[in-house]
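Examining the three-dimensional arrangement
Residue strings, one per chain:
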Protein chains: 2
Amino acid sequence: MSELDAERIARSYLLRVAEPPAPALVGFVGEHGPVVAAERVSRADCPPKVRDETAARRAHDYAERDLERAAAAETRLVIPEDGEWPAWPLLSLAVAQGRGVSGVAPPLALWVRGPARLDEAVDQAIAIVGARAATGYGEHNAAELGYHLASRGIPVFSGAAYGIDGAAHRGALSADGTTVALLGCGIDAGYPAQHTTLLRTIGKTGAVVSEYPPGTSPARHRFLVRNRLIAALTEGTVVVEAGRRSGARNTAGTARALGKVVMAMPGPVSSGMSAGCHALIREGEATLVTSVDEILETAGRLGEPGADPAKPRRRTDRLGPEALRVHDALSERSPRPEERIAAESGVPIERVRALLPELEFDGFAERSDTGWRRRPTKT
Amino acid sequence: MSELDAERIARSYLLRVAEPPAPALVGFVGEHGPVVAAERVSRADCPPKVRDETAARRAHDYAERDLERAAAAETRLVIPEDGEWPAWPLLSLAVAQGRGVSGVAPPLALWVRGPARLDEAVDQAIAIVGARAATGYGEHNAAELGYHLASRGIPVFSGAAYGIDGAAHRGALSADGTTVALLGCGIDAGYPAQHTTLLRTIGKTGAVVSEYPPGTSPARHRFLVRNRLIAALTEGTVVVEAGRRSGARNTAGTARALGKVVMAMPGPVSSGMSAGCHALIREGEATLVTSVDEILETAGRLGEPGADPAKPRRRTDRLGPEALRVHDALSERSPRPEERIAAESGVPIERVRALLPELEFDGFAERSDTGWRRRPTKT
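If you're wondering where the values come from, they're calculated on a predicted model, not measured in any experiment. (Residues numbered from 1 in each chain as written. Chains lettered and ligands numbered in written order. Predicted model: local features only at pLDDT ≥ 70, side-chain atom pairs only at ≥ 80, totals over all residues. Heavy atoms only, no water.)

Observations concerning the sheet that holds strand β5 (residues 179–182) of chain A
Residues and elements named next belong to chain A. Taken in spatial order, the 9 strands make up an open sheet running β1-β2-β6-β5-β4-β3-β7-β8-β9, and their pairing is mixed. Only two strands of the sheet have a single partner each, and these edge strands are β1 (75–78) and β9 (287–288). As judged from the 2 bridges shared by strand β3 (residues 126–129) and strand β4 (residues 156–158), these two strands associate in the parallel manner. What sits directly across from Ile126, in β4, is Val156. (Pairing = 2+ DSSP bridges. Helix = DSSP H or I, 4+ residues; strand = E, 2+ residues; numbered from the N terminus.)

Here's what the structure looks like:
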């Protein structure tokens, strides 16, 4: 058995023994590698927190069976050791976790069905999310956005739910574009029931993705956990319709915690299904968008053809995710050495050294004898 | 003739000899008083800039005739020397002018018809403005806002135009509230033609106001000049519907320049008449509002019954206009003495001394040996 096969079997086992997100287990795997970690978990030879996360299911060793059945259903397990692993976007989860955000541990692996390579599909991807009980207005707009994003080669990610999610996937499919469905249940769960044909189509052209092992049933808490993957794997999330207490607002909150761009579409003030979007915009948690041009502009794609020249909400909106993290790690009051900025931002020191002069050129940072400080942004 | 009569006649003359805004003339009157200024303007004994503003009409001395005819039409000329003069809100014009904003010279006097006292009507007033070519959606919302603001005792100011303006006035009237129409023509111009009955009703219950002498015809440039008065006399301006290049966006821009709160209502993304509102919100120039509660909250009326607990867009949104001016006059980098803050803010030194400890208490300012500095606001 190759090393990669051993790692894949180990991660298949690890995905099944702990309910995601499992921060202690993820840390343990990071420390010892998947093969050693799996072996030690199976005999409960691990720190108490890891034992807590894995105690209930550590005897469930269906790893090879899961992999065989998945292969029969044209489903693969993509692991961090694979070239296809979307390492860069998922880094936002580790960074947020390092900053103390809870419930954002990275996935240990991802079950995937479909021809789209994950590392390619995440490139410039946009998430479209929203209420299941959407109105005709919302579904129309979700489908239009899905269609026009996909037409421009932008992959459309969503959660395959009824309402906005389904309309967004269908819009992208009708433009022959890439669309990716992130599930809060096993890929084989056949959920939601009336979307089995839709999911089959997505699995033939894009990708259906889940961190839950085959057979895992859908549950509300799993949708919330899944939401962190929708947010992490995309550059920005658009909430098309949401009630005041919608799960889509949860995705938006997670996206913000991950430093991603959050956008919301307005609608009639009389529509309860736009109330959540209006609240996000009003409270400064989302940028109002009405078109694909505005989405691309807000997501920092200023150079895109068709992008309109309206100014971004904040000056720093135009910074890439890495530059933004470096910028966040600067202080206005006192200069910091590059090493400290690297540590605070989680960006490698070489990249920090390359990015700081760029930030200086753009007026975001200034150099001094003892390090770098943030320049106050004018609004 | 009493001094006040002489001043009123002088200002009646001055309103007619220069097209507002007439910054040089306003400065000249401030320096010499209206009686001396009028006398010197009439014989062209004034600085070149004042002469330029008054050259074309200085021979038009219809002051007493204007006052007599106005009185016959139940119209009065309210002058800064009167107790009714809304001195405090109009101060925002002088402050903006002092900061270099152009086209915001204060009015020399105001023609007023109606039982509402101007100094009382401006208290907590809200402006509702928007497109003439409004949709049914926009007119419905303007009327609803006018009605519910007036029901809570909030005076509703607007420009008496077709569309949003008229609907807002009518809404306020239907709640038996105070509504004030600011015109870009003489009060007697009978414009807009189909709003003569509306204007008559407003003149019987609230006030119709104009700085233009009787007989002045409506003109596009006068509507824009009039817009500064709508913005100055109210605490905040709500744009209900506006096309991408609407005059309502001009009012919004002026209100912002005057440090007033600017709000906009969202609508369907497919509606061209909501596009201007969406652009204002998206570009950070207006706060999204969907209800009277949100308007009152945004305008800083957090303690109002019915105000909902959502947070304001910026921390400083909760500051009153005077405190905000003091806050704006502070520097984050170096402390400033109270005298300089008074000079920069245009707020009297005694008020500055009272407000600074309040700003300190709320975390907006900090005291040092050499003065006061602004504390950086976290967002």
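Quick notes on the sheet that holds strand β3 (residues 126–129) of chain B
Strand pairing in a sheet is mediated by backbone hydrogen bonds. Such pairs are either parallel or antiparallel. All names here are of chain B. Overall, mixed pairing links the 9 strands, which are arranged β1-β2-β6-β5-β4-β3-β7-β8-β9 in an open sheet. Each end of this open sheet is capped by a strand with a single partner; those strands are β1 (75–78) and β9 (287–288). Here helix α10 (residues 196–205) sits on the sheet in contact with β2 (110–113), β5 (179–182) and β6 (207–210), set at roughly 105° to β6. (Contact = heavy atoms within 4.5 Å. Axes fitted to C-alpha atoms, helices over the stretch in contact; angles between N-to-C directions.)

Quick look at the pairing of β5(A)
Residues and elements named next belong to chain A. Alternating positions in β5 separate into two faces, Thr179 and Ala181 on one and Val180 and Leu182 on the other, with burial throughout. Sheet topology places β4 next to β5; 3 bridges connect them, and they run parallel. Opposite Phe157, over in β5, you have Val180 as the bridge partner. Of the crossover connections in this fold, the one passing from β4 over helix α9 (residues 164–174) to the parallel β5 is right-handed. Across 3 bridges, β5 lies against strand β6 (residues 207–210) in parallel orientation. Bridge assignment links Leu182 to a residue of β6, and that residue is Val209. (Buried < 20%, exposed > 50% of the residue type's maximum accessible area, 1.4 Å probe, protein only. Right-handed = clockwise from strand over helix to strand, strands pointing away.)

Describing the environment of A:Ala134
As for its placement among the helices and strands, A:Ala134 is situated in the loop between β3 and α8 (136–151). Contact partners of A:Ala134, with chain neighbours within four places excluded, come to A:Glu139, A:Gly163, A:Ile164 and A:Glu241.

Topic: the domain arrangement of chain A
Residues and elements named next belong to chain A. Split by domain assignment, chain A resolves into domain 1 (1–64), domain 2 (118–298) and domain 3 (315–374). One C-alpha centre belongs to domain 1, the other to domain 2; they are set 30 Å apart. Every contact between the two is made by 6 residues of domain 1 and, on the other side, 8 residues of domain 2. Between domain 1 and domain 2, the buried area comes to about 590 Å², and carbon and sulfur atoms account for 57% of it. The largest contributions to the domain 1 side of the interface with domain 2 come from Arg16, Glu19 and Pro20, which together make up 66% of the buried area. At the junction of domain 1 with domain 2, the criterion picks out 1 salt bridge. (Domains from an automatic or database assignment. Buried area = accessible area lost by both parts, 1.4 Å probe. Salt bridge = Lys/Arg side-chain N within 4 Å of Asp/Glu carboxyl O.)

Thoughts on the interface of chain B and chain A
The partner chain A presents 27 residues to the 28 residues of chain B that form the contact. Buried surface at the junction of chain B and chain A, summed over both partners, amounts to about 2300 Å²; 51% is from carbon and sulfur atoms. The tally of links between chain B and chain A comes to 6 salt bridges. A salt bridge links B:Arg282 to A:Glu297, with the shortest nitrogen-to-oxygen separation between them at 3.1 Å. The tally of links from chain B across to chain A stands at 10 residue pairs in polar contact (both at pLDDT 80 or more). For the side of chain B that touches chain A, the secondary structure elements donating two or more residues are α8 (136–151), α13 (272–282), β9 and α14 (292–298) of chain B. By residue class, the composition of the side of chain B that touches chain A is 10 nonpolar, 6 polar and 12 charged. (Polar contact = N/O pair within 3.5 Å; in protein donor to acceptor, adjacent residues only side chain to side chain. Nonpolar A, V, L, I, M, F, W, Y, C, P; charged D, E, K, R; others polar.)

Here's the deal with unusual backbone geometry
With an omega dihedral of -5°, the bond running from A:Tyr191 to A:Pro192 counts as a cis peptide bond. Note on placement: A:Pro192 falls in the loop between β5 and α10 (196–205). If you check the backbone angles, A:Ala44 has positive phi at about 60° while not being a glycine. Note on placement: A:Ala44 falls in the loop between α3 (34–42) and α4 (48–54). Given the relative accessible area of 18%, A:Ala44 is considered buried. In this structure, B:Gln124 is a non-glycine residue whose phi angle is positive, near 65°. Inspection of the secondary structure assignment puts B:Gln124 in the loop between α7 (118–121) and β3. Classification of B:Gln124 by relative accessible area gives partly exposed; the value is 27%.

Quick notes on the packing of α8(A) against α9(A)
All names here are of chain A. In the contact formed by α8 and α9, the axes pass within 7 Å of each other and the chain directions differ by 35°. The hand of the α8/α9 crossing is right-handed. Of the residues in α9, those touching α8 at Gly138, Glu139, Ala142, Ala143, Gly146, Tyr147 and Ala150 are Ile164, Ala167, Ala168, Gly171, Ala172 and Ser174. Class assignment of the residues belonging to the contact of α8 with α9 gives a composition of 8 nonpolar, 4 polar and 1 charged. (Left-handed = near helix turned anticlockwise from the far one by under 90°.)

Some words on the side chain of B:His195
All names here are of chain B. Checked against the element boundaries, His195 lands in the loop between β5 and α10. According to the relative accessible area criterion, His195 is buried, its value standing at 4%. A distance of 2.8 Å separates a polar side-chain atom of His195 from the backbone oxygen of Ala160. Engagement of the side chain of His195 in a polar contact is seen with the side chain of Arg170, the distance being 3.5 Å. In this view, His195 contacts Ala160, Ala161, Tyr162, Gly166 and Arg170; residues no more than four positions away in its chain are not counted.

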